[in-house]
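Breakdown of the fold
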Amino acid sequence: MKKIINSIAILSLLMTSCVNDAPDFNENKDRAYTVPAEALLTNSEKALVDIMTSPNVNDWSLGKYFPQYWAAVTYTTESRYRVTSRKIPDRMWRILYADVIGNLESAKGVIQTETAPTGVPDSQFQSEQKNKIAIIDILQVYTYQILVDMFGDVPYTESLQPSKFVLPKYDSGKSIYTALITRLNADIAALNSSNDSFKSGEYIYNGDVANWKLFANSLKVKIGVNLIETDAPLAKSTIESAFTAGLILDNSKNASFAYVTAAPNYNPIYDNLVAANRNDFIPASTIVNEMNTLNDPRRSKYFTPLADGSFLGGKYGFTNKYTSFSHVSDLLKSPDFPSQLLEASEINFYLAEAAAAGLSVGNTTEFYYNNAITASFISWGIGEDAPAYLLNPNVAFTTAPGATAKEKIAKQEWIAFYNRGMESWTAYRRLNFPVLVAPTSAYAEAENEVPKRLTYPINEQTVNGDNWQAASTAIGGDKLKTHVFWDKL
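Residues numbered from 1 in each chain as written. Predicted model: local features only at pLDDT ≥ 70, side-chain atom pairs only at ≥ 80, totals over all residues. Heavy atoms only, no water.

Considerations on the overall build of the chain
The secondary structure content of the chain amounts to 18 helices and 4 strands. Over its C-alpha trace the chain gives a radius of gyration of 23 Å, about what one expects of a compact globule, namely 23 Å for 489 residues. With the C-alpha coordinates of the chain rotated into their principal frame, the extents come out at 70 × 50 × 45 Å. In the chain, which comprises 489 residues, the share counted as buried stands at 56%. Taking all contacts inside the chain whose residues are at least 6 apart in sequence as the whole, residues at least 24 apart take part in 75%. (Helix = DSSP H or I, 4+ residues; strand = E, 2+ residues; numbered from the N terminus. Rg over C-alpha atoms; globule rule 2.2 N^0.38 Å. Buried < 20%, exposed > 50% of the residue type's maximum accessible area, 1.4 Å probe, protein only. Contact = heavy atoms within 4.5 Å.)

Structural notes on the packing of helix H12 (residues 344–356) against helix H16 (residues 421–431)
Contact geometry of H12 with H16 gives a least axis separation of 13 Å together with a crossing angle of 10°. Relative to H16, H12 is oriented roughly parallel. Side by side, H12 and H16 meet where Glu346, Tyr350 and Glu353 of the first sit next to Glu423, Arg430 and Leu431 of the second. Its residues placed into classes, the contact of H12 with H16 shows 2 nonpolar, no polar and 4 charged. (Axes fitted to C-alpha atoms, helices over the stretch in contact; angles between N-to-C directions. Parallel < 35°, antiparallel > 145°, perpendicular 65-115°, else oblique. Nonpolar A, V, L, I, M, F, W, Y, C, P; charged D, E, K, R; others polar.)

A closer look at a nonpolar patch on the surface
A grouping of Val166, Leu167 and Val463 is seen on the molecular surface, where their side chains present a nonpolar patch of about 280 Å² in accessible area. Judged by relative accessible area, Leu167 falls into the partly exposed class, the value being 42%. (Patch = residues over 30% accessible without salt bridge, like charges linked within 9 Å, V, L, I, M, F, W, Y side chains within 5 Å. Areas by Shrake-Rupley, 256 points an atom, 1.4 Å probe, with all protein chains shown as cover. Salt bridge = Lys/Arg side-chain N within 4 Å of Asp/Glu carboxyl O.)

Thoughts on the nonpolar core
In terms of nonpolar packing, the biggest core is built from 146 residues, with Met150 and Phe215 touching the most fellow members. The element contributing the most residues to this core is helix H5 (residues 122–151), with 13 residues. When residues no more than four places from it in sequence are discounted, the contact partners of Phe215 are Ile138, Tyr142, Tyr205, Ile248, Ala255, Leu341 and Leu342. (Core = buried A, V, L, I, M, F, W, Y, C linked by side-chain atoms within 4.5 Å.)

What to know about the packing of aromatic side chains
Across all of its chains, the model carries 34 aromatic pairs by this definition. Ring centres of Tyr81 and Tyr316 lie 6.2 Å apart, and the angle between their planes is 40°; this geometry places the pair in the tilted category. Of the two residues, Tyr81 is situated in the loop between strand S1 (70–72) and helix H4 (88–113) and Tyr316 in the loop between helix H11 (299–302) and strand S4 (339–342); the sequence distance between them amounts to 235 residues. We classify Tyr316 as buried; its relative accessible area is 6%. The interplanar angle of 70° and the centroid separation of 4.8 Å between the aromatic rings of Tyr266 and Tyr270 together place this pair among those described as edge-to-face. (Phe/Tyr/Trp six-rings, centres within 6.5 Å; stacked < 30°, edge-to-face > 60°.)

A few points about the pattern of salt bridges
Summed over the entire model, instances satisfying the criterion amount to 24 salt bridges. Close ionic contact of Arg86 with Glu78 constitutes a salt bridge, the shortest N to O distance being 3.1 Å. Under the relative-accessibility criterion, Arg86 is labelled partly exposed at 30%. Here Lys199 makes a salt bridge to Asp196, at a shortest N to O gap of 4.0 Å. One network of salt bridges, with partners in common, ties together Glu105, Lys108, Asp137 and Arg183.

With respect to the side chain of Ser159
Following the sequence through the fold, Ser159 ends up in the loop between H5 and helix H6 (173–190). Accessibility expressed as a relative area gives 19% for Ser159, which makes it buried. A polar contact is formed between the side chain of Ser159 and the side chain of Tyr144, at a distance of 2.6 Å. At 2.8 Å, the side chain of Ser159 and the backbone oxygen of Tyr156 are in polar contact. Excluding its chain neighbours within four sequence positions, the residues that come into contact with Ser159 are Tyr97, Tyr144 and Pro168. (Polar contact = N/O pair within 3.5 Å; in protein donor to acceptor, adjacent residues only side chain to side chain.)

Quick notes on unusual backbone geometry
Pro264 follows Ala263 through a cis peptide bond whose omega is 0°. With respect to the helices and strands, Pro264 occurs in the loop between strand S2 (255–257) and helix H9 (268–275). The peptide bond linking Phe433 to Pro434 adopts the cis configuration, its omega dihedral lying at -5°. Inspection of the secondary structure puts Pro434 in the loop between H16 and helix H17 (458–463). At Asn432, a residue that is not glycine, the phi angle is positive and equals roughly 65°. Checked against the element boundaries, Asn432 lands in the loop between H16 and H17. Given the relative accessible area of 26%, Asn432 is considered partly exposed.

Digging into the confidence of the model for the chain
Summing up the model confidence of the chain, the mean pLDDT is 93 and the portion of residues at 70 or higher is 93%. Confidence drops under pLDDT 50 across residues 1–31; counting only partners more than four residues distant or on other chains, this segment forms 35 contacts. (pLDDT = per-residue confidence, 0-100.)

Some points on H9
Along H9, the positions that sit buried rather than exposed are Pro268, Ile269, Tyr270, Asn272 and Leu273. The secondary structure elements touched by the buried residues of H9 are helix H2 (37–53), helix H3 (62–65), S1 and strand S3 (281–283). At the N-terminal end of H9, a side-chain oxygen is found 3.0 Å from the backbone nitrogen of Ile269, two or three residues along, and the residue is Asn267. Within two residues after H9, Asn277 carries a phi angle of roughly 55°, on the positive side.

So, the packing of H5 against H6
Between H5 and H6, the least distance of the axes is 9 Å, while the angle of their chain directions is 160°. Judged by the inter-axis angle, H5 sits roughly antiparallel to H6. When the axes of H5 and H6 are compared, the crossing they make is left-handed. Where H5 approaches H6, its residues Lys130, Asn131, Ala134, Asp137, Ile138, Gln140, Val141, Tyr144, Gln145, Val148 and Asp149 are matched on the opposing element by Gly173, Ile176, Tyr177, Leu180, Arg183, Leu184, Asp187 and Ala190. Of the residues in the contact of H5 with H6, the class split is 10 nonpolar, 4 polar and 5 charged. (Left-handed = near helix turned anticlockwise from the far one by under 90°.)

What about the side chain of Lys64?
Looking at the secondary structure, you find Lys64 in helix H3. Within the buried core, Lys64 has no salt-bridge partner, and the shortest N-O distance to an opposite charge, that of Glu423, equals 9.1 Å. Looking at Lys64, its side chain comes within polar contact range of the main-chain oxygen of Thr53, at 3.1 Å. With sequence-adjacent residues up to four places away left out, Lys64 is seen in contact with Thr53, Tyr69, Trp70, Ile269 and Asn419. (Lys, Arg positive; Asp, Glu negative; His and termini not counted.)

Take a look at the structure:
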């Protein structure tokens, strides 16, 4: 097995034991390290939530920029849609494929070599091992969907066989989506909640199999909503079967990764804004103005007020004076503020979309719209303010502005996803609302549009050129404005 040794635990071990006076130190340097599956899983989970949350300009700062949540103070490159200067696509690609999917695949290999501990019946052990494999596979499915939604066509069938496929081909996004649904169905069938799974190293649900079933079904809904306008029958079967099996519908079941207050395992927003003592970002006027119009109580959770108690956002796509505007809230900058992979507000919004499309999900569009907003308020600690907010004529589903249910849902989804940049950008592309406009300062490669995808990594162009060219042609050009397969408008 090819050894990947960048798990948190192993890195810590190596860094604290780099000097050894033993005569056999460093003998047999080609021998593979033995890394527990739990350590590989820990590393994969943290790498995934970190990259989805990080505001670092070298990471997924685009998750704050593409939905126009944050504006730049000095360094405007990414807010003007130049993603290649710091090779952000290369970094996202490498982390998601190697640090997440690759480490998870290595963890599968370790699990398959394990034997039952003394005193544990073989039937129980085998069931626990199946649970572990299924949980790992569910996380891989989650990550592959992110890759498709970011880039379009990507390597899939040949992506985990480096000895056989040094230069993997790209599969179509649609075929990958179909395969991911099949995988999730198999994983759900394999999960046995009467037995345990990981007793350590799994930090999202602490190995709780029943919660992982909810996660897998909720992930089916997340995949399914993207298919509503491109493959209605598959969307219907995927979403309705997931709904029947049970979903994450209240915050107690959220897929949260709890950070701690000590380096290097604290919240990436704290890492980049507080620990690094950087004042690179402020809230953008795009979202601040909208929330001001609605008198949205979540403003105090998202932003800091000015001296007069008001909230003011900076101009998106331009430099801004840090001291003249609201800042990112202290809550978001807490070192232990958690990240979410799936949450109740999100799934309720997806069900609202599904109901609006005529799918059978147990209740009305308005019901899930209200539940989604309420779940968002509860998650930010202000659930008591939700009822009054829902009575606001500009929020109430029956009276809120918008020609369609989709438009009404989209605005509130965008507001609720403030710390969920990838999901927000995906929802914007799927629903075509709210109307976001590229800044006049945008670079030429944006072609006057908010990006619809990331361009492929430069390394893929230079190393895997033939497959990159074939994929670029298949999707309609390796451009920021090219739509992924499910984004039809």
